[in-house]
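Structural description and commentary
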Amino acid sequence: MGISRLLAKAWLIFCLFAGLYALAGAAAGVSGASPDALARILAIVVLFLATGLLFVAGYAAATNRAGNLVAKLRLPGFHDLVFLVFALISFLVQSLYLPVPPGSDPLGVLAAAIGFAVPGQDALAIALGSCGLGGDALVASDFAWLLAFIYIGSSLSRLRLAAGIIRLERKRRPDPLTPAGSALLTGFVAVALIQLLYVGSLYGLLPCRLWQGIGGNILIGQAPLVLAYAIVAALTNLIAMGADA
């Protein structure tokens, strides 16, 4: 859970799913996604990805960790693979969701459960409703939160193993931040995301044009999973500070 690798993974995921949502939006057009549109979207994704990774690689090179950064990006761990699978599932549900009658029992149970467990869902529903967005977006958000809770639950049993791996890596290649610094930084990010997304402080501040674009799709379908990943990263770095990790 080195800071450079976390930054690289975050930027990689953002660019990947921004491109996927752009492709889904182009395919939903009247004439479908033309080859020219696909080429433009791919070029933009590659450009943004290369630009972001250039800054992250510069940070890693400055700390003599560029090689380790590339190796970890090529060989994702268990948490990364589970996160990627869940993120893809959330994207498919959000993009290919077939409308179900509002009174259907599964959706009603899911909405009630997530509404009880996530205080920010009320704020999200108000924000989406004020922008004229349908209930499909709220259903996609409910499903994303369900996947986020499953991801956290599946990761808890492997936290000590992941923390032990981090301690071994730090012995071979010390991080520029101390273990306490890494735990503090990831913990701060996790707490900030909890306030913005789980409590819902962010939703009322965003304009409708953002909700109706790619940024809104990412917030609805991927942000809960990003929060779950941040919580797991913070807990892992916290446990890695202990001598018995």
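Look up a bit, the structure's there.
Now for a description of the structure that goes with this document. (Residues numbered from 1 in each chain as written. Predicted model: local features only at pLDDT ≥ 70, side-chain atom pairs only at ≥ 80, totals over all residues. Heavy atoms only, no water.)

Topic: the nonpolar core
- Counting 42 residues, the largest nonpolar core has Trp 145, Tyr 151, Leu 197, Tyr 203, Trp 211 and Leu 225 as the members making the most contacts within it.
- Non-local contacts of Leu 197, meaning those with residues more than four positions away in its chain, are made with Gly 120, Trp 145, Leu 202, Tyr 203, Leu 219, Ala 223 and Leu 227. (Core = buried A, V, L, I, M, F, W, Y, C linked by side-chain atoms within 4.5 Å. Buried < 20%, exposed > 50% of the residue type's maximum accessible area, 1.4 Å probe, protein only. Contact = heavy atoms within 4.5 Å.)

Here's the deal with helix α9 (residues 179–198)
- For α9, which comprises 20 residues, the first-to-last C-alpha distance of 27 Å matches the rise-based estimate of 28 Å (1.5 Å per residue) to within 8%.
- Those residues of α9 not exposed but buried are Ser 182, Ala 183, Thr 186, Ala 190, Leu 193 and Leu 197. Buried residues of α9, seen end-on, are gathered within an arc of 100° and therefore sit on one face of the element. For α9, the exposed residues lying more than 90 degrees away from the buried face are Leu 184, Phe 188 and Val 191.
- Remark: Gly 200 follows α9 within two positions and exhibits a positive phi of approximately 95°. (Helix = DSSP H or I, 4+ residues; strand = E, 2+ residues; numbered from the N terminus. Expected span 1.5 Å × (residues − 1). Arc of directions from axis to C-beta.)

Structural notes on the state of the cysteines
- For the coordinates displayed, the defined rule picks out one disulfide.
- The residue that forms a disulfide with Cys 131 is Cys 208, at a sulfur-sulfur distance of 2.2 Å. Residues Cys 131 and Cys 208 are joined through a disulfide that is left-handed, its torsion about the S-S bond being -85°. On the criterion of sequence distance, the pair formed by Cys 131 in the loop between α6 (120–130) and α7 (135–156) and Cys 208 in helix α10 (residues 208–211) is long-range, its members being 77 residues apart.
- The buried category is assigned to Cys 131, whose relative accessible area is 10%.
- Here Cys 208 falls in the partly exposed class, since its relative accessible area comes to 30%. (Disulfide = S-S within 2.5 Å.)

Section: a nonpolar patch on the surface
- A grouping of Leu 156, Leu 235, Leu 238 and Met 241 is seen on the molecular surface, where their side chains present a nonpolar patch of about 350 Å² in accessible area.
- One can find Leu 156 in helix α7. (Patch = residues over 30% accessible without salt bridge, like charges linked within 9 Å, V, L, I, M, F, W, Y side chains within 5 Å. Areas by Shrake-Rupley, 256 points an atom, 1.4 Å probe, with all protein chains shown as cover. Salt bridge = Lys/Arg side-chain N within 4 Å of Asp/Glu carboxyl O.)

Remarks on the packing of aromatic side chains
- Scanning the model with the defined rule gives nine aromatic pairs in all.
- Their ring planes at 75° and their centres at 5.0 Å tell us that Tyr 21 and Phe 91 sit as a pair that is edge-to-face. Residue Tyr 21 is located in helix α1 (residues 3–27), and its partner Phe 91 is located in helix α4 (residues 78–96); the two are separated by 70 residues in the primary sequence.
- Overall, Phe 91 belongs to the buried group, its relative accessible area being 10%.
- Among the aromatic residues, those joined into a ring-pair cluster are Phe 17, Tyr 21 and Phe 91. (Phe/Tyr/Trp six-rings, centres within 6.5 Å; stacked < 30°, edge-to-face > 60°.)

Here's the deal with the side chain of Gln 121
- Mapped onto the secondary structure, Gln 121 falls in helix α6.
- Each residue touching Gln 121, except ones within four places of it in the same chain, is listed here: Ile 114, Gly 115, Leu 138, Ser 141, Asp 142 and Trp 145.

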